[in-house]
Amino acid sequence: MFLFLALLDSPEEQEKFAEVYNHYRHFMWYVANQKLQDEHLAEDAVQEAFLALTRHLDQVEDLYSPRTKKYLATIVRSKAVDILRKLKPEEELSEYLTGDDGQADILEQYLIQENYNHLVSCILELEDSYRVIFEYKYMYQMGDAEIGDILGISAKNVNVRYFRARKKLQKMIQKEVGRFE
Amino acid sequence: MNKQEELLTQILEECLEEDLSFVPPEGEIARTHRFSQPFEQSMEKLLEDSSRVSRRKEIQKHFSPRYGQWAACILVFCVCGWLFYHSGGLHVEKGADMSAAEEEASLPASDRDLAAAPETAEEQLAEEASEELSAAESQDAGNGREGKVYCGNTVYPAEMQKMPERLENVTTLVNCPVLDEENPVLMLTIGNTGEEDIRYLNQYDLEVQLQDTWYRIPAESGEEGRWLTLEAGMAVDEEIDLSEYRIDYDASQYRLVTHVGQETLGVEFTFGEVFKKTKEGESAE
C-alpha cells in the first residue's frame, strides 16, 4: 500500500486525493453497490478504487467536473467487476470462451451515424467488464499499460479483452441492426 | 482519433451519463448509508499514509544528492585541516601553550585570579542568559501573560477568551456526564446540523475560569489529535477522560474547547451541575 501511495507526489496531490475522497466516496459506493448488491463488497470496491486512484490521479483535473465523476464511476465499476470475477470464476471462464469464434472484427463498419441509436442500446446492454475497457481507452485516452495497471492485469491481457469487447459489441450491433431491417 | 472512434466515445459518454443520472446526490446517499468502521479506519490510514509519504517526498526534494556531495567535500576539507593542524602546526601550538603557562606561573596569586576571571565571568553571563531564556520561554507559554497555580499545575490564560458554543451548522454539548471518582468521564456531543460534511479535531482542550479569565489546563498524556469527518446531519459522542487532567471538581466554571474546521467552539459547564444531575437521576431511579 505504501508503494502505491508513493505516487502521490506533493502535498497538493495529497490534498486533492483527500478532497476526492470526501466529495465522492458515497457516490462511488452507490455505483459499486448497484453492481454488487452487497454493502460490504461495495466498500471493498471503493477502497480498491481509491488505491488505484493514487496512481492515476493525474487524470483528475477539475475535482467537481462531470468528467471526474465519470472517471471515478468507471474506476469503481471496474473494481466491482473484478470482485464479481473473483466471486464467480465460472463467469470469467465463460467470458474467455465466448466471442472467440474466428469471426473477423468489422466493428468499424457498424460505427456510423445511422446506427447511433442501435449503438447506444448495445452499449447499455454490454457487460461492464467490456464497457469499462472501452471507457478507459476512448473516454480517458489511456494506454494498455495504464489500463492494465488499474485493472491489475498485463497490457497484453488488456489488448485481448479489448478485442473481445469489440467482437462482442459487433455481434450485438449485427443482431440489433438485423432486427430492424 | 478517427470518426468511428469519435462516435464511439460520444456514445460511451452518453451511456455513462444515462447510467449516472439515476444516482442520487451525494448528501442523500450519505444519509442512507453509513460506512463500516473497518472501511473508515482503513481509509483514514490511507489518507494519513499518503500525507506522510508526501511529506517525506517534500524533504527528499530539498535534499538532493548534490547537497550530499557538497557535505562530503566539506567533511574531507575539515579532516584535511585537522590533520594539517595536528602535524605541521603542532610545535607552534605547544610552544604557545608553554609560554602561556610560564607567564601564568610568573604572575602573583592575585593576578592569577584576575587572569582566570574572564572565564568565570563568561560562565556567569551564560548562566544568566539561560535563566533569562527559560523565563522568556515560560512567558511564551502563557502568551506573555502571567500563569496561575491550579491543582499543582501552572496554568496560563487561554488564547481565546470568548468563543461561541454553536455555529450555524455545528452544535456542541456536554451531555450524559458520568462522574465517578475512579473513572471520571465526560461525554461531548458534536452535531453537524448543516448539509455538508465537517472536519473536527478529536482532541479537546479543558479550560477553567479563575477570576473571570479562562485558563487552559494541560493534559498529562500529551497525545496528538486526529482530524475526523462528521457527515451532514450526523452527531458524534466523544468520551473525555478527565483523569488526564489535574482538576478539583469544585464549583469552578469549566469549558471544553472543540476545533471544527477553522472555527473554535467552547461549551461551558460546572461539576456542581453534573453532581446535581447525577443525584437527580439516582433519586428518580
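In this text the structure is predicted, and so the values were computed from the model without any measurement.

## Section: the overall build of chain B
What chain B contains, in helices and strands, is seven helices and eleven strands. A total of 285 residues make up chain B; the buried ones form 13% of that total. Restricting to contacts in chain B with at least 6 residues of sequence separation, those with at least 24 account for 67%.

## Some remarks on unusual backbone geometry
Positioned with a positive phi, Q37(A) is a non-glycine residue whose angle comes to about 55°. Positionally, Q37(A) belongs in the loop between α2 (11–36) and α3 (39–55). With a phi close to 50°, Q211(B) is a non-glycine residue in the positive phi region. Its place among the elements puts Q211(B) in the loop between β6 (205–210) and β7 (213–217). Given 6 C-beta atoms within 10 Å, Q211(B) falls into the exposed group.

## Quick word on the packing of α3(A) against helix α4 (residues 66–87) of chain A
Residue and element names in this part refer to chain A. Two elements in contact, α3 and α4, have axes separated by 8 Å at closest approach and are oriented at 125°. In terms of axis orientation, α3 runs oblique to α4. Considering the relative orientation of α3 and α4, their crossing is right-handed. Counting all contacts with α3, which are made through L41, D44, A45, V46, E48, A49, A52 and L53, the residues of α4 involved are I75, V76, K79, A80 and I83. Classifying every residue of the contact of α3 with α4 by side-chain character gives ten nonpolar, no polar and three charged.

## What to know about the nonpolar core
Note that soluble globular proteins tend to have their nonpolar side chains buried in a common cluster. M28(A), A32(A), A45(A), V46(A), A49(A), V76(A) and I133(A) are the most contacted members of the largest nonpolar core, which totals 44 residues. Listed by contribution, the elements that provide at least two residues to this core are α2, α3, α4, α7 (116–125), α8 (128–139), α9 (144–151) and α10 (155–180) of chain A together with α1 (3–20) of chain B. At eight residues, the largest contribution of residues to this core is made by α2(A). When residues of this core are assigned to domains, at least three fall in each of domain 1 (7–87) and domain 2 (100–181) of chain A. Excluding its chain neighbours within four sequence positions, the residues that come into contact with V46(A) are R25(A), M28(A), W29(A), A32(A) and V76(A).

## A closer look at the confidence of the model for chain B
Residue and element names in this part refer to chain B. The predicted model of chain B averages 72 in pLDDT, with 64% of residues at 70 or higher. The secondary structure element of chain B with the lowest average pLDDT is helix α5 (residues 90–106), at 49, and the one with the highest is α1, at 90. Note that residues 109–120 has pLDDT below 50 and, in this model, four contacts with residues that lie over four places away or in other chains. Every residue in residues 133–142 is under pLDDT 50, and counting partners more than four places away or in other chains gives five contacts. Two summary scores accompany this predicted model of the complex, namely pTM at 0.50 and ipTM at 0.86.

## Overview of α2(A)
Its axis deflected by about 60° at Y24(A), α2(A) carries its strongest bend there. Q37(A) sits one or two positions beyond α2(A) and adopts a positive phi of about 55°.

## Comments concerning the interface of chain B and chain A
Facing the 33 residues of chain B at the interface are 39 residues of chain A. Contributions of two or more residues to the side of chain B that touches chain A are made by α1, α2 (26–32) and α3 (37–62) of chain B. Residues of the side of chain B that touches chain A, tallied by class, amount to 16 nonpolar, nine polar and eight charged.

## Thoughts on the pairing of β6(B)
All names here are of chain B. Here β6 pairs with strand β10 (residues 253–260) via five bridges, running antiparallel. Bridge assignment links D205 to a residue of β10, and that residue is V257. Note that β6 and β7 share five bridges and pair antiparallel. Its bridge partner lying in β7, L206 is registered against I217. Here β6 folds back onto β7, and the loop between the two strands holds two residues, one of which, Q211, carries a positive phi near 50°.

Calculation rules
Residues numbered from 1 in each chain as written. Chains lettered and ligands numbered in written order. Predicted model: local features only at pLDDT ≥ 70, side-chain atom pairs only at ≥ 80, totals over all residues. Helix = DSSP H or I, 4+ residues; strand = E, 2+ residues; numbered from the N terminus. Buried ≥ 20, exposed ≤ 12 C-beta atoms within 10 Å, placed from the backbone. Contact = placed C-beta atoms within 7 Å. Axes fitted to C-alpha atoms, helices over the stretch in contact; angles between N-to-C directions. Parallel < 35°, antiparallel > 145°, perpendicular 65-115°, else oblique. Left-handed = near helix turned anticlockwise from the far one by under 90°. Nonpolar A, V, L, I, M, F, W, Y, C, P; charged D, E, K, R; others polar. Core = buried A, V, L, I, M, F, W, Y, C linked by C-beta atoms within 7 Å. Domains from an automatic or database assignment. pLDDT = per-residue confidence, 0-100. Bend = angle between axes of the 7 residues up to and from the residue. Pairing = 2+ DSSP bridges.

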